[in-house]
Amino acid sequence: MNSSNTSISKTGLETLQWFIFLLASSVALPIVIGSLYEMNFIEVAGLMQRTFFIVGAASLLQGLLGHRLPIMEGPAGLWISIFSVMAVTGAQQGMSTGETLRSVETAMLFTGGFLVIFGVFRLAEKLLPLFTPLVTGSFLFLLTIQLSGTFLEGMLGIQQEVEAIHGTEAILAFLTFFIVLGLSIFGKGWLGNYAVLIGIVIGWISYSIFVGNEPSQTVDVAGFSVPEWFAWGVPNMDWGVVPIAFITAVILLSNVVASVVATSQSVYGKPSYSSSQINRGSTVLGVNHGLVGMFSAIANVPLATSAGFIKMTGQTRKRPFLYASGLLIIVAFFPPIVAWISGIPAPIANAAILATFVQLMGLGLSNVASEPLDSRRLTIIGVSYLFGIGCMFLPMEVFAELPVLIQNLASNGLLVGTVLVIVLEQCWRETGKSRPA
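Residues numbered from 1 in each chain as written. Predicted model: local features only at pLDDT ≥ 70, side-chain atom pairs only at ≥ 80, totals over all residues. Heavy atoms only, no water.

1. Quick look at the overall build of the chain
And step 1. Check the secondary structure of the chain and you find 18 helices and two strands.
And step 2. For the chain, whose C-alpha radius of gyration is 21 Å, the value lies close to the compact-globule estimate of 22 Å for 437 residues.
And step 3. Along the longest, intermediate and shortest principal axes, the C-alpha atoms of the chain span 60 × 55 × 40 Å.
And step 4. Sequence separation of 24 or more characterises 83% of the internal contacts of the chain that already satisfy a separation of 6 or more.
And step 5. Carbon together with sulfur atoms contributes 67% to the accessible area of the chain, which is approximately 18,400 Å² in total.
And step 6. Taking the 18 positively charged and 21 negatively charged side chains of the chain as two groups, their mean positions are separated by 22 Å. (Helix = DSSP H or I, 4+ residues; strand = E, 2+ residues; numbered from the N terminus. Rg over C-alpha atoms; globule rule 2.2 N^0.38 Å. Contact = heavy atoms within 4.5 Å. Areas by Shrake-Rupley, 256 points an atom, 1.4 Å probe, with all protein chains shown as cover. Lys, Arg positive; Asp, Glu negative; His and termini not counted. Charge placed at Lys NZ, Arg CZ, Asp CG, Glu CD.)

2. Considering the nonpolar core
And step 1. Tyr 37, Phe 52 and Phe 83 are the most contacted members of the largest nonpolar core, which totals 121 residues.
And step 2. Per-element accounting of this core gives the leading share, 14 residues, to helix 10 (residues 242–268). (Core = buried A, V, L, I, M, F, W, Y, C linked by side-chain atoms within 4.5 Å. Buried < 20%, exposed > 50% of the residue type's maximum accessible area, 1.4 Å probe, protein only.)

3. Some words on helix 4 (residues 97–120)
And step 1. With 24 residues, helix 4 extends 34 Å from end C-alpha to end C-alpha; this agrees with the ideal 34 Å at 1.5 Å per step.
And step 2. One or two residues past the end of helix 4 sits Arg 122, with phi positive at roughly 55°. (Expected span 1.5 Å × (residues − 1).)

4. Focus on a nonpolar patch on the surface
And step 1. Together, Val 201, Ile 205, Ile 209, Phe 210 and Val 211 line one region of the surface with nonpolar side chains, adding up to about 480 Å² of accessible area.
And step 2. Along the chain, Val 201 turns up in helix 9 (residues 195–210). (Patch = residues over 30% accessible without salt bridge, like charges linked within 9 Å, V, L, I, M, F, W, Y side chains within 5 Å. Salt bridge = Lys/Arg side-chain N within 4 Å of Asp/Glu carboxyl O.)

5. Some words on the side chain of Ser 266
And step 1. Locating Ser 266 in the fold gives a position in helix 10.
And step 2. Looking at Ser 266, the relative accessible area reads 13%, which means it is buried.
And step 3. Polar contacts involving the side chain of Ser 266 include one to the main-chain carbonyl oxygen of Ala 307, which spans 3.0 Å.
And step 4. Setting aside anything within four residues of it in sequence, one finds Ser 266 in contact with Ala 307, Ile 310, Lys 311, Thr 316 and Leu 363. (Polar contact = N/O pair within 3.5 Å; in protein donor to acceptor, adjacent residues only side chain to side chain.)

6. Topic: the side chain of Asn 300
And step 1. Tracing the chain through its elements places Asn 300 in strand 2 (residues 300–302).
And step 2. Once residues lying within four places of it in the same chain are set aside, the contact partners of Asn 300 are Ile 54, Val 55, Ala 58, Glu 73, Gly 74, Pro 75, Leu 285, His 289 and Val 292.

7. Quick look at the packing of aromatic side chains
And step 1. For the coordinates displayed, the defined rule picks out 15 aromatic pairs.
And step 2. Seen from their ring centres, Trp 18 and Phe 309 are 4.5 Å apart, and the 50° between their planes marks the pair as tilted. One end of the pair, Trp 18, is in helix 1 (residues 2–36); the other, Phe 309, is in helix 12 (residues 305–313), with 291 residues separating them in the sequence.
And step 3. The buried category is assigned to Phe 309, whose relative accessible area is 0%.
And step 4. For the pair Phe 114 and Phe 246, a centre-to-centre distance of 5.3 Å together with 85° between the ring planes defines the contact as edge-to-face. Of the two residues, Phe 114 is situated in helix 4 and Phe 246 in helix 10; the sequence distance between them amounts to 132 residues.
And step 5. Every member of this aromatic cluster is reached through a ring pair, and the members are Phe 53, Phe 224, Trp 229, Phe 295, Phe 333 and Phe 334. (Phe/Tyr/Trp six-rings, centres within 6.5 Å; stacked < 30°, edge-to-face > 60°.)

8. Side note on the environment of Leu 60
And step 1. Relative to the elements of secondary structure, Leu 60 occurs in helix 2 (residues 41–64).
And step 2. Setting aside residues no more than four positions away along its own chain, Leu 60 makes contact with Leu 322, Ser 325 and Ile 329.

9. Topic: helix 7 (residues 167–186)
And step 1. With 20 residues, helix 7 extends 28 Å between its outermost C-alpha atoms, agreeing within 8% with the 28 Å of an ideal straight helix rising 1.5 Å per residue.
And step 2. Residues of helix 7 that are buried include every one of Glu 169, Ala 170, Leu 172, Ala 173, Thr 176, Phe 177, Ile 179, Val 180, Leu 181, Leu 183 and Ser 184, and no others.

10. Some remarks on the pattern of salt bridges
And step 1. For the coordinates displayed, the defined rule picks out three salt bridges.
And step 2. In this structure, the salt-bridge partner of Arg 317 is Glu 14, at a minimum N-O distance of 3.2 Å. Here Arg 317 is found in the loop between helix 12 and helix 13 (319–331), whereas its partner Glu 14 is found in helix 1, with 303 residues between them in sequence.
And step 3. Taking the relative accessible area as the measure of exposure, Glu 14 reaches 6% and is therefore buried.
And step 4. The partner of Arg 377 in a salt bridge is Asp 374, with the nearest N and O atoms 3.6 Å apart.
And step 5. The network of salt bridges with common partners includes Glu 371, Asp 374 and Arg 377.

11. A short note on the packing of helix 2 against helix 13
And step 1. With their axes 7 Å apart at the nearest point, helix 2 and helix 13 run at an angle of 150° to one another. Here helix 2 is positioned roughly antiparallel relative to helix 13, judged by the angle of their axes. Judged by the twist between their axes, the crossing of helix 2 over helix 13 is left-handed. Across from Phe 52, Phe 53, Val 55, Gly 56, Ala 57, Ser 59, Leu 60, Gly 63 and Leu 64 in helix 2, the residues of helix 13 making contact are Phe 321, Leu 322, Ser 325, Leu 328 and Ile 329. (Axes fitted to C-alpha atoms, helices over the stretch in contact; angles between N-to-C directions. Parallel < 35°, antiparallel > 145°, perpendicular 65-115°, else oblique. Left-handed = near helix turned anticlockwise from the far one by under 90°.)

Set out below in structure tokens:
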């Protein structure tokens, strides 16, 4: 009986921690998109509700039918870049924000279509030779570089309207960061296993005491509501987004492979994947993109940060992850709960997520270093990282005179760096090695 109770309580706590991780990873980016497209509070609240629903549904589908690993499907940093670029290019073309958002819907639907084709017709496995340890490791490394700035800004309390560090918020955020990191490294037993949950709880309580909760905006919300379909309107049939959709689909395959490799390394102790697993993952990711397009949310991808979370907490079981995904779907139907959960202070949520990036960065570097770093590989890394990371620091305005497709590609440092690693490694073959068939 005691063993049964212990198992239930353990599953409950692991489910709660996965649930908090899913929430913390989902809260920040809808607010960023809302600010980018000048959405009001009600529109942001609706986007948050739809994001929670899609994150839960997409994670559940992948866990049951796709790659079948405990990997969160969350708002993608790659898509945040695309949202940002299309906001600028749309304004340059005289499009309203509504028209631009409908074009983004179209891009997500086309990307989903390509991913389904890759998976159903087993084209994904044909592309697997492209995703070497150097590529997957570089993707994970560049991903942490690209997103670390966003999460660090959130920790410091920097917003687009007020570009100044909020001292108290920043101190509490760093306290949360080091609590999560310290417990994960030095904590024994349950202290290490529930580092993220403990860190967020302590951070949230401290924030309430020293900063206070932000005054909530009062709006009339129903106690129960279904997430709205096509909240941004019916998608525009903008054929100009097809090239970027195709390239994004290929890059997202590297995201799938990198996430599966990193998570399998955290769960099983060694990186591994199968062709059928990647085909299923690609197909379900395509279906998820279709759902995102229909529900006007931010396109999801398998978040490699899940591997950092698993490695940090030691939670390798899939069942609590599936329970947490299902719980998030249920919560999305209750706007008052969504509004309350959204009250997790952004600096605290960002700090907890950034702490998992330490493990993710380590996984990326270990993948890169899994093969001898000879002059060829070091040159490929150097060129790709210099241009990829360099593009992350360039302001959007410098690409204004280029064609829209080039703008969408060149302004995304993660995309540029990953493509360069793939192209250089395929064009510059090792002596004595033949090209993969």
